[in-house]
Amino acid sequence: MSSYWAPYAWLPHGCQASVSFDVAQGRFAHVRVGVEPGAGQEILSGVTLPGLANGHSHTFHRGLRGRTHAEGGTFWTWREQMYALAAHLDPDLYLALARAVFAEMAQAGYTAVGEFHYLHHDQGGRPYVDPNAMGHALIQAASEAGIRLTLIDACYLVGGLSATGHLPLDPVQTRFADADVDHWAARVGQLEDDHQVRIGCAVHSVRAVPAKALNKISETAGERPLHVHLSEQPAENAATQAYYGRTPTELLDDHGLLGSRTTAVHATHLTDADIKALGSTQTSACFCPTTERDLADGIGPARRLADAGSPLTFGSDQQAMIDPFEELRGVEMHERLASGERGRFTPGDLIMMASEAGYRSLGWPDGGRIADGALADFVVVRSDTVRTTGTRPDQIAYAATAADVDQVVVAGEAVVRDGQHRLGSPARLLAAALDQLGTA
Ligand SMILES: [Zn+2]
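Residues numbered from 1 in each chain as written. Predicted model: local features only at pLDDT ≥ 70, side-chain atom pairs only at ≥ 80, totals over all residues. Heavy atoms only, no water.

Assigned secondary structure in the protein consists of 13 helices and 19 strands. Whereas a compact globule of 440 residues would reach a radius of gyration of roughly 22 Å, the protein reaches 21 Å, a difference of no more than 12%. Counting only C-alpha atoms, the protein reaches 70 × 45 × 45 Å along its principal axes. When burial is assessed residue by residue, the protein has 59% of its 440 residues classed as buried. Intrachain contacts of the protein at a sequence separation of at least 6 include 73% that bridge at least 24 residues. (Helix = DSSP H or I, 4+ residues; strand = E, 2+ residues; numbered from the N terminus. Rg over C-alpha atoms; globule rule 2.2 N^0.38 Å. Buried < 20%, exposed > 50% of the residue type's maximum accessible area, 1.4 Å probe, protein only. Contact = heavy atoms within 4.5 Å.)

A few words on the packing of helix α2 (residues 91-108) against helix α13 (residues 426-437). Close contact between α2 and α13 brings their axes to 9 Å; oriented N to C, the two are set at 155°. Relative to α13, the element α2 lies roughly antiparallel. As for the relative orientation of α2 and α13, their crossing is left-handed in sense. Here α2 contributes L93, A96, L97, A100, V101, A103, E104 and Q107 to the contact with α13, which in turn contributes P426, L429, L430, A433, L434, Q436 and L437. Here the residues of the contact of α2 with α13 are counted per class, giving twelve nonpolar, two polar and one charged. (Axes fitted to C-alpha atoms, helices over the stretch in contact; angles between N-to-C directions. Parallel < 35°, antiparallel > 145°, perpendicular 65-115°, else oblique. Left-handed = near helix turned anticlockwise from the far one by under 90°. Nonpolar A, V, L, I, M, F, W, Y, C, P; charged D, E, K, R; others polar.)

Attention now goes to helix α12 (residues 347-361). Owing to its 3.6 residues per turn, the α-helix brings residues three or four apart onto one side. The terminal C-alpha atoms of α12, which comprises 15 residues, lie 20 Å apart, in line with the 21 Å expected from a rise of 1.5 Å per residue. A maximum bend of about 40° is found in α12 at M353. When α12 is considered as a whole, its buried residues turn out to be L350, I351, M353, A354, S355, E356, A357, G358, Y359 and S361. G363 sits one or two positions beyond α12 and adopts a positive phi of about 85°. (Expected span 1.5 Å × (residues − 1). Bend = angle between axes of the 7 residues up to and from the residue.)

The subject of this paragraph is the coordination of the zinc ion. Surrounding the zinc ion are the protein donor atoms H56 (NE2), H58 (NE2), H229 (NE2) and D317 (OD), which sit 2.1 to 2.7 Å from the metal. Its four donor atoms give the zinc ion angles of 83 to 172° at the centre, a pattern that matches the irregular case. On the basis of relative accessible area, D317 is assigned to the buried category, the value being 3%. (Donors = N, O, S within 2.8 Å, 3.2 Å for Na, K, Ca; no water. Tetrahedral: all angles 85-135°; square planar, octahedral: opposite > 155°, others 65-115°.)

Looking now at the pattern of salt bridges. According to the stated counting rule, one finds 26 salt bridges in the structure shown. Note that D178 is salt-bridged to R187, the shortest N-O span being 2.8 Å. We note that D178, like R187, is buried. (Salt bridge = Lys/Arg side-chain N within 4 Å of Asp/Glu carboxyl O.)

Attention now goes to the packing of aromatic side chains. For the structure on display, the rule yields 14 aromatic pairs. With a centroid separation of 5.2 Å and 75° between ring planes, the pair formed by Y4 and F378 is classed as edge-to-face. Separated by 374 residues along the polypeptide, Y4 in strand β1 (residues 2-11) and F378 in strand β16 (residues 378-381) bring together distant segments of the chain. Consider the rings of F28 and F378, whose centres lie 6.0 Å apart with planes at 40°: the pair is tilted. Pair noted here: F28 is in strand β3 (residues 27-33) and F378 is in strand β16, with a separation of 350 residues, a long-range link. An aromatic cluster is defined as three or more aromatic residues linked by ring pairs; in this entry it consists of F60, Y83, Y94, Y118, Y156 and F176. (Phe/Tyr/Trp six-rings, centres within 6.5 Å; stacked < 30°, edge-to-face > 60°.)

For the rest of this paragraph, the subject is the packing of α2 against helix α3 (residues 133-145). Look at α2 against α3: their axes get within 8 Å of each other, and the N-to-C directions meet at 35°. The two elements α2 and α3 meet at a crossing, and its hand is right-handed. Touching P91, Y94, L95, A98, R99, F102, A103 and A106 of α2 are A133, M134, A137, L138, Q140, A141, A142, E144 and A145, all from α3. For the contact of α2 with α3, a count of residues per class yields 14 nonpolar, one polar and two charged.

Tracing the backbone shows L429 in helix α13. Exposure remark for L429: the relative accessible area of 18% places this residue in the buried category. Each C-alpha atom, one on L429 and one on Q318, is 18 Å from the other, the two residues being 111 residues apart in sequence. Each residue touching L429, except ones within four places of it in the same chain, is listed here: A100, A103 and L423.

A few words on the nonpolar core. The tendency in soluble globular proteins is for nonpolar side chains to be buried as a group. By size, the foremost hydrophobic cluster in this structure holds 120 residues, and its most contacted members are L49, F60, L89, L97, F102 and L305. Looking at this core element by element, the count peaks at 13 residues for α2. Non-local contacts of L97, meaning those with residues more than four positions away in its chain, are made with F60, L89, L430, A433, L434 and L437. Judged by nonpolar contacts, the second largest core, of 15 residues, contains A6, V19, F378 and V380. (Core = buried A, V, L, I, M, F, W, Y, C linked by side-chain atoms within 4.5 Å.)

Moving on, we come to the pairing of strand β2 (residues 14-24). Every other side chain in a regular strand lies on the same face of the sheet, so the side chains alternate between the two faces. The sheet contact formed by β1 and β2 spans nine bridges and is antiparallel. Residue A9 lies in a different strand from β2, and its bridge partner there is Q16. If you look at the hairpin formed by β1 and β2, you'll find two residues sitting between the two strands. Pairing analysis gives five bridges linking β2 to β3, with the strands arranged antiparallel. Paired with D22 across the two strands is A29, which belongs to β3. Linking β2 back to β3 in an antiparallel pair, the connection comprises two residues, with Q25 at a positive phi of about 50°. (Pairing = 2+ DSSP bridges.)

Spelled out as structure tokens, the structure:
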């Protein structure tokens, strides 16, 4: 058992002073407030936050960071560059790159990640000998990097959607696609949870999955997390409306996919009826502000979704930036720009999205909070850096960056100490992986 004392810690009822807690068998115990440090306790500094969840990630997109800006373009031209990168990966390279990216996430303060995984097969679109070789590479990478993983395996069947119907797969997309929804379900059925891994399911999008496959995906997911890219771009809405006469949200609702197990990723371009449908079914909405601004997606209706009943979460998505504080602030700051008002969310709302709501959306309902019996994941943020000096403890997340993370503990194990990841420098790991990929 380990025992800690924190000058400030975020508990479920807010930021508290002089907090003591124990960790035994990977869980919190004896969380107490307003007590003096005891003999033998490790004294933490700064502000201790609950574990922070990265609700939506594609690790390999990290290879595009800082390399796609000179060309201008749109989401769709960026996607061509992403496909070119995807074409180079194999299980060994995927392991090296994902290990480095997961280490970057852990060092930035993420304790759990939802990896939305669609790069399944070999360069010719054929299954590997182990049909989950790429998924298993991600599981191994997360384990080595010390981050809790939900592997969200995405069904991807067709090459897109136009007003007249679905498009054939292009050559790169054959790596993403299973032969049909039954083959996808059989492959996902071979993946297993373990103590730090949950398996989830995804509909890549209504662009990549015809409506007739949705029921089978819903059945296969059962009570597991079910994620879907939803209305990130107006073109998706236009094609879905033209072909099905429904919005993407309505199409998912028709097939019973909305509900508390489900997370709609982006949820940027929604109608009033879409917001009502997502909120009334308590479907989570995962915002990815650093990606949505990078890809010129637009600003989604975060406050309206929350008011309608949707829990909000956030994710780093295409890794333009890996910094939980930047995402958390991004949700609020984009709302400010769009509304002309400050404080659209309270500090407590933002911490809740980052922690407990994110964990629940990834299938860890007993994580993301510092409370007796919860998973012992936490993050210590320094309050004495050039960025954080002078901030109030309950508002430190508005000023901190990933560089201010001092300690990260996952399941009671120290993954980051004194700002250093246990594997060494994530930058060094990234440089080696990107060098192998030929993009360094
Ligand atoms: Zn995504």
